[in-house]
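Residue-level structural notes
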Amino acid sequence: MAKPKVAFFDFASCEGCQLSAIDLAPEQMLDLLNVVDIVEFREAISEKAAKYDIALIEGSITRDCDVPRLQDIRNRSKVLVAFGACAHTGGINALKNFQKKEDYQKAVYPTDPLKYETTVTRAISEVVQVDAFIPGCPINTMEFVRIVKNLVLGKRPDIPDYSVCVECKKNENICVYEKGMHCLGPVIRAGCDAKCPSNGGYCYGCRGTVTKPNLHAQKDVMQKYNLTFDQMTDQFKLFLQRNREVFKNAG
Amino acid sequence: MNSNNKLNIKPKDENLYLPEKATITKIKNFTDKELFFELELQNNKPLGHIPGQFIQLSILGIGEAPISISSPPGADNKFEICVRAVGDVTNKLHSFNVGDEIFIRGPFGHGFDDSIIQKMYRKHILFIAGGIGYVPLRSLINKVLKEPELYEKISILYGCKTPDEIMYKEEIAEVAEMGKNIEFLKTVDHGDENWTGNTGVITTLIPQVKFNPLNTIAIIAGPPVMYKFVLISLINKGMPKSNIYMSLERRMKCGVGKCGHCKMEGIYVCKEGPVFNYADIENNEEVL
Amino acid sequence: MNGKFRKISKKDLLIGLDRIINDGRKLAALTRKGEKVLYDYVTKSDEILMQYIPTVLSPKKFFLPQDEVILEYTTKGKVTAKIEAESMVLFGIKPCDLHGIKILDEAFAESNGDPNYLAKREKSLIIGLDCSRLCDEKAFCYKVNAQNITTGCDFMLHNTGIDFAVTVYTEKGAEQLDKYFQTEIKSENILDDFNQAKAAAFSKFGTFKQLKQLPEIFENNKNHSVWQTEGDKCLSCGSCILVCPTCYCFDVADEMALNLKKGERIRRWDACMLNSFAVVAGNDNFREEPKDRLKHRINRKFNYLMKKHGESVCVGCGRCVRACLVNISPKTIAETITGELSTGG
Ligand SMILES: Cc1cc2nc3c(=O)[nH]c(=O)nc-3n(C[C@H](O)[C@H](O)[C@H](O)COP(=O)(O)OP(=O)(O)OC[C@H]3O[C@@H](n4cnc5c(N)ncnc54)[C@H](O)[C@@H]3O)c2cc1C
Ligand code: SF4
Ligand code: SF4
Ligand code: SF4
Ligand code: SF4
Ligand code: FES
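Residues numbered from 1 in each chain as written. Chains lettered and ligands numbered in written order. Predicted model: local features only at pLDDT ≥ 70, side-chain atom pairs only at ≥ 80, totals over all residues. Heavy atoms only, no water.

**Looking at the interface of chain C and chain A**
Which entries qualify depends on this criterion: The contact definition used throughout considers only heavy atoms, calling two residues in contact when any of these lie within 4.5 Å. Here the quantity called buried area is the accessible surface, traced with a 1.4 Å probe, that two parts lose on coming together, added over both. Whenever a carboxyl oxygen of Asp or Glu lies within 4 Å of a side-chain nitrogen of Lys or Arg, that contact is scored as a salt bridge. For this analysis, a polar contact is any N or O atom pair within 3.5 Å, provided that within protein one partner can donate a hydrogen and the other can accept it, and provided that sequence-adjacent residues contribute only side-chain to side-chain pairs. The way it works is that DSSP assigns letters per residue, a run of H or I at least four long becomes a helix, a run of E at least two long becomes a strand, and they are numbered from the N terminus. Three classes are used, and their members are as follows: Ala, Val, Leu, Ile, Met, Phe, Trp, Tyr, Cys and Pro are nonpolar, Asp, Glu, Lys and Arg are charged, and the others, Gly among them, are polar.
On the chain A side, the residues contacting the 36 residues of chain C number 33 residues. Of the roughly 2900 Å² buried where chain C meets chain A, counting both sides, 60% is carbon and sulfur surface. For chain C, the biggest contributors to the area lost against chain A are Leu-235, Leu-258 and Leu-325 of chain C; these three give 26% of the whole. Our count for the chain C to chain A interface comes out at 5 salt bridges. Measuring nitrogen to oxygen at the nearest pair gives 2.4 Å for the salt bridge that ties Lys-61 of chain C to Glu-172 of chain A. Linking chain C with chain A are 13 residue pairs in polar contact (both at pLDDT 80 or more). Looking at the side of chain C that touches chain A, the elements that each hand over two or more residues are β3 (36–41), α7 (225–233), α8 (239–242), β11 (250–256), β12 (262–269) and α10 (319–323) of chain C. The class makeup of the residues in the side of chain C that touches chain A is 18 nonpolar, 7 polar and 11 charged.

**Here we look at the pairing of strand β8 (residues 153–160) of chain B**
Residues and elements named next belong to chain B. Rules: Burial here depends on accessible area, computed with a 1.4 Å probe over protein chains only, as a share of the maximum for the residue type. Under 20% is buried, over 50% is exposed, and the range in between is partly exposed. A pair of strands is treated as paired once DSSP finds two or more bridges between them. The handedness of a crossover follows from its direction of travel: if, with the strands pointing away from the viewer, the path from the first strand over the helix to the second runs clockwise, the crossover is right-handed.
Where burial is concerned, most of β8 is hidden: 7 out of the 8 residues are buried. Relative to β8, strand β7 (residues 124–130) runs parallel, the two being bridged by 7 bridges. Across the sheet, residue Ile-125 finds its bridge partner in β8, namely Ile-154. Note that the unit made of β8, helix α4 (residues 169–177) and strand β9 (residues 182–188) has a crossover that is right-handed.

**Looking at the sheet that holds strand β3 (residues 52–58) of chain A**
All names here are of chain A. Sheet architecture is open: 5 strands sit in the order β2-β1-β3-β4-β5, paired in parallel fashion. Either end of the sheet is taken by a strand with one partner, and the two such strands are β2 (37–38) and β5 (132–134). As judged from the 3 bridges shared by strand β4 (residues 77–83) and β5, these two strands associate in the parallel manner. The residue bridging Phe-83 from the neighbouring strand is Ile-134, located in β5.

**Digging into the pattern of salt bridges**
Applying the stated criterion across every chain yields a total of 55 salt bridges over all chains. Across the pair Asp-23 of chain C and Lys-179 of chain C runs a salt bridge whose closest N-O atoms are separated by 3.9 Å. Here the residue Asp-23 of chain C occupies a position in the loop between α1 (10–22) and β2 (26–33), and Lys-179 of chain C occupies one in helix α4 (residues 171–180), the gap between them amounting to 156 residues. Classification of Asp-23 of chain C as partly exposed rests on a relative accessible area of 43%. Where Asp-67 of chain C meets Arg-268 of chain C, a salt bridge forms, and the shortest distance between an N and an O atom there is 3.1 Å. In this pair, Asp-67 of chain C sits in strand β4 (residues 67–74) while Arg-268 of chain C sits in strand β12, placing the two residues 201 residues apart along the sequence. The partly exposed category is assigned to Arg-268 of chain C, whose relative accessible area is 24%. A cluster of three or more residues bridged by salt bridges with shared partners is formed by Lys-149 and Lys-170 of chain A together with Asp-67, Glu-255 and Arg-268 of chain C.

**Observations concerning the packing of aromatic side chains**
Applicable threshold: Classification of ring pairs rests on two measures: the distance between centres of Phe, Tyr or Trp rings, Trp counted by its six-membered ring, which must be within 6.5 Å, and the angle between planes, read as stacked under 30 degrees, edge-to-face over 60 and tilted in between. Either the NZ atom of lysine or the CZ atom of arginine qualifies as a charge over a ring when it sits within 6 Å of the ring centre and within 35 degrees of the ring normal.
If you walk through the whole model with that rule in mind, you get 23 aromatic pairs over all chains. Between Phe-8 of chain A and Phe-144 of chain A the ring centres are 6.3 Å apart and the planes differ by 35 degrees, which places this aromatic pair in the tilted class. Residue Phe-8 of chain A is found in strand β1 (residues 5–10), and its partner Phe-144 of chain A is found in helix α7 (residues 141–153); the two are separated by 136 residues along the sequence. We classify Phe-144 of chain A as buried; its relative accessible area is 2%. Of note, Arg-121 of chain C hangs over the ring of Phe-63 of chain C, and the distance from its end group to the ring centre comes to 5.6 Å. Sitting over the face of the ring of Tyr-248 of chain C, Arg-300 of chain C holds its NZ or CZ atom 5.5 Å from the ring centroid.

**Let's talk about a negative patch on the surface**
We count it as follows: Distance thresholds for patches are 9 Å for like charges and 5 Å for nonpolar side chains (Val, Leu, Ile, Met, Phe, Trp, Tyr), applied to residues having over 30% relative accessible area and no salt bridge. Working definition of accessibility: Shrake-Rupley area with a 1.4 Å probe, residue cover restricted to the visible protein chains. Counted charges follow a simple rule, with Lys and Arg positive, Asp and Glu negative, and His plus the chain ends left uncounted. The atom standing in for a charge is NZ when the residue is Lys, CZ when it is Arg, CG when it is Asp and CD when it is Glu.
On the surface, a cluster of negative charge is made up of Asp-32, Asp-164, Asp-192 and Glu-193 of chain B. Checked against the element boundaries, Asp-192 of chain B lands in the loop between β9 and β10 (198–199).

**Some details on the packing of helix α2 (residues 95–109) of chain C against helix α3 (residues 115–122) of chain C**
All names here are of chain C. How we decide: Convention adopted: a line fitted to C-alpha atoms gives each axis, helices being fitted over their contacting stretch, and angles between N-to-C directions are expressed from 0 to 180 degrees. By definition in this entry, angles of less than 35 degrees are roughly parallel, angles greater than 145 are roughly antiparallel, angles of 65 to 115 are roughly perpendicular, and the rest are oblique. Crossing chirality is assigned from the near helix's rotation relative to the far helix, an anticlockwise turn below a right angle marking it left-handed and a clockwise turn marking it right-handed.
The interhelical angle for the contact between α2 and α3, taken along N-to-C directions, is 135 degrees, at an axis separation of 9 Å. When the interaxial angle is binned, α2 and α3 end up oblique. Where α2 crosses over α3, the two elements pack in a sense that is left-handed. Residue-level contacts link Ile-101, Leu-104, Asp-105, Phe-108 and Ala-109 of α2 to Tyr-117, Leu-118 and Arg-121 of α3. Looking at the contact of α2 with α3, its residues break down into 6 nonpolar, no polar and 2 charged.

**So, the interface of chain C and chain B**
Accessible area lost during the coming together of the parts is what is often quoted as the interface size. Contact with chain C, which involves 57 residues of that partner, is made by 42 residues of chain B. For the pair chain C and chain B, the two sides together bury roughly 4400 Å², of which 55% comes from carbon and sulfur. For the pair chain C and chain B, the interface holds 6 salt bridges. One salt bridge in this structure joins Lys-253 of chain B and Asp-251 of chain C, with 3.2 Å as the shortest N-O distance. Looking at the side of chain C that touches chain B, the elements with two or more residues in it are β4, β5 (79–81), α2, α3, β11, β12, β13 (279–280) and α9 (290–309) of chain C. No other element matches the 6 residues that α3 of chain C contributes to the side of chain C that touches chain B. For the side of chain C that touches chain B, the class distribution of residues is 25 nonpolar, 13 polar and 19 charged.

**Quick look at α1 of chain C**
Residues and elements named next belong to chain C. Quick reminder of the rule: Expected span of a helix: the number of residues minus one, times 1.5 Å. Note: the arc covers the axis-to-C-beta directions of the helix.
End to end, α1 covers 18 Å across 13 residues, agreeing with the expected 18 Å (1.5 Å per residue, within 8%). What α1 keeps buried is the set Leu-13, Gly-16, Leu-17, Ile-20 and Ile-21. One side of α1 carries all its buried residues, which in axial view fall inside an arc of 145 degrees. Facing away from the buried surface of α1 by more than 90 degrees, the exposed residues are Lys-11 and Asn-22. The elements touched by buried residues of α1 are β1 (5–9), β2, β6 (88–93), β8 (155–159), β9 (163–168) and α4. Gly-24 sits one or two residues past α1 and shows a positive phi near 85 degrees.

Here it is in structure tokens:
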């Protein structure tokens, strides 16, 4: 059996997720390369390889010219994976959607604002069909490995569909609400091993919401713990701009 | 010392999570989505099942899925299953060939045990199978058909969405020809140009069977939506609830009453079922 | 036991615990790890906290770990059962958690015994530490009489202030007590004072008024409005299940190594409060709404499993109440359904 051809492509992103993907121990890297053929990064960039078995798309869609490029990759890929928060939910790039276009254009190129070609930031799944998601900012390396394994083995590339609280409790953390912080964990998709609450932080939702989040209840919790409505939407803002449900229900 | 402390927490000799090897000895193409497999246990022992029981079928690296045993109990180490490709394990199994190895645990569950079979003797047996529901009933159907004289009459009702989805076509044709006290009625929700038989959902077949509800045992299996409507028509005909048996399906992980996935209220379907007498579960809100 | 009472001094207790460790056995006890207070393995007796502070997780994790490999296999078809059971001593387990362990013992020993749980359990020695008062305002062991035990540990210590009185429950307990600990035999009942103090501390609390009838009452209240009102609040986060000493549902998954040559079958804690728990093929969900799942969870404690085990399967440890951000509590629900709440009981 020929090894599946895997290629990375990036759109608007910091490329941090690509770095996370190869953040493997040397022997794990060798194992990975025994299982899949990673098309040379340069080759992927010049887009020479004709067909891909697995295309990993990093970044969000922020310009009109991104669209045909993404569609072309879609057409040449058997499985297309939205890779990292920017690709999965629009990520931090989508923050600009909260502002007027003129404003952020001016902010970036004060002297020549129109030089900056830009549209509303979109997640990959808003432009083409996506077969699998690897969420997170940045992605979790072991989750990336598992998804690639699943695809190679013909298993569904499932990611957890339960809250970050599950992993947080498994780690026996003190809930950050008891420490005077606020946390989106109850409505956010697990899979990061509750990284932030386990390391002194709180969950700000980089992995997006679970399939059926109870946003009303989440809102009540935040208010009960003295977070004003504005502060609360601000917390949701960072990663969830494209999840309109969040703002509809929170508002 | 306290007498309550008698609970035996000694591990048993057999590990109930350790599967056994079986070889695929035959594969038949039934429909687009369903394949028939004959499996042979490598330990050379018969599976030792009763009709209505299931196995946990494993493919290493992929996972486990509960699958009904569709052949009647036999003396050799072979048995049959029929599998619809819907997910990880079942899709992978469909890519396998004769000679390949899989793993199984079981047989598990409460099937059509002796007390049920005794109750069926000299009665009119009414099988009602929707779609893949034919598979869990086939073991019992074939057992009953081996000695039809033990029963007053045997009626088998089988409904599918389309004619393409009908399984065991040759076998069914033979049963339909057996005559004597055996009748076989088929229906499809939507026919095609070659279909000359009944069309309509399975409940439309029930009025076509003459039965005395008090002397008939109904045995039902099918997709979740089917049960409700079949139960209503049988009960409207005056059939006592205790004359109705059904084989149910739930999400299952362990198959042995531990993992909790198959629970209906307080009942573990994997252990107390999958075969139930309707009178025993009619008040359970999570059945239908 | 024929008028003889055993006691152990604080000093001898610590010496005994250190002996256990020096014997190469694992000792788990209440301890501090950074900001967390939890049951964990200790390397010296002075790491042990004697004063109970409620923990996030119960000691069930030692017998049913969060993630546990149950099979190992190669793609060539060699499959082996994996059971990791080491000789272990669990020290300082509270009455509510001892009730929890008893219930898990019954559930896992039943008919087809669970090999992994039972192996771990068989190799463990459980030393209880009695409570002389309620640990906090979220705990409600008294509602189900779980502050007292009749079984569940090998021997129990009762802190009398200077010393510990000992109650032995099993033969293994008696034997291990003698092996590791210097005890004194007393003819006067040294437990009396402790028991009186405990009874006084708990005297203002009573059980559910209809404790014995709870299964029946819950059975008849499947349509009570409390399910909807509390269910609407529920985040379906699953925290209540994960922290519960008597919840034991699990998921099973196969994981191949990255080289695709070998793999493991792993079981992991699962939670019936999660939306995905009862999803089957075709995306049918047998418990679609949070209220259905809440009803199931609470009925398991006070109805379905209570019938089976003959005692409340909620042991009132209060962990789920502490964990739930929206204040859903089995106690409040039970009180609402029995009518105790509105009559001010
Ligand atoms: C007692 C019993 C007997 C059975 N007998 C047979 C039989 O004889 N033949 C037969 O073909 N089938 C039978 N089944 C059904 C069969 O067990 C299921 O189809 C099985 O789960 C398939 O396993 P899988 O690994 O292929 O699918 P999975 O990969 O587990 O997926 C199965 C389906 O469930 C969905 N699913 C799984 N996990 C989730 C999740 N977390 N969230 C949302 N959706 C999810 C998937 O989308 C998919 O549609 C039986 C079931 C039971 C309980
Ligand atoms: S810290 Fe956040 S993730 Fe952890 S339990 Fe609390 S709310 Fe849930
Ligand atoms: S805890 Fe929340 S914010 Fe932190 S990594 Fe996980 S999903 Fe992202
Ligand atoms: S902890 Fe509370 S909010 Fe979370 S699932 Fe349990 S009852 Fe619902
Ligand atoms: S339901 Fe809550 S209070 Fe009862 S035993 Fe479980 S965690 Fe403790
Ligand atoms: S399948 Fe695990 S308890 Fe029934």
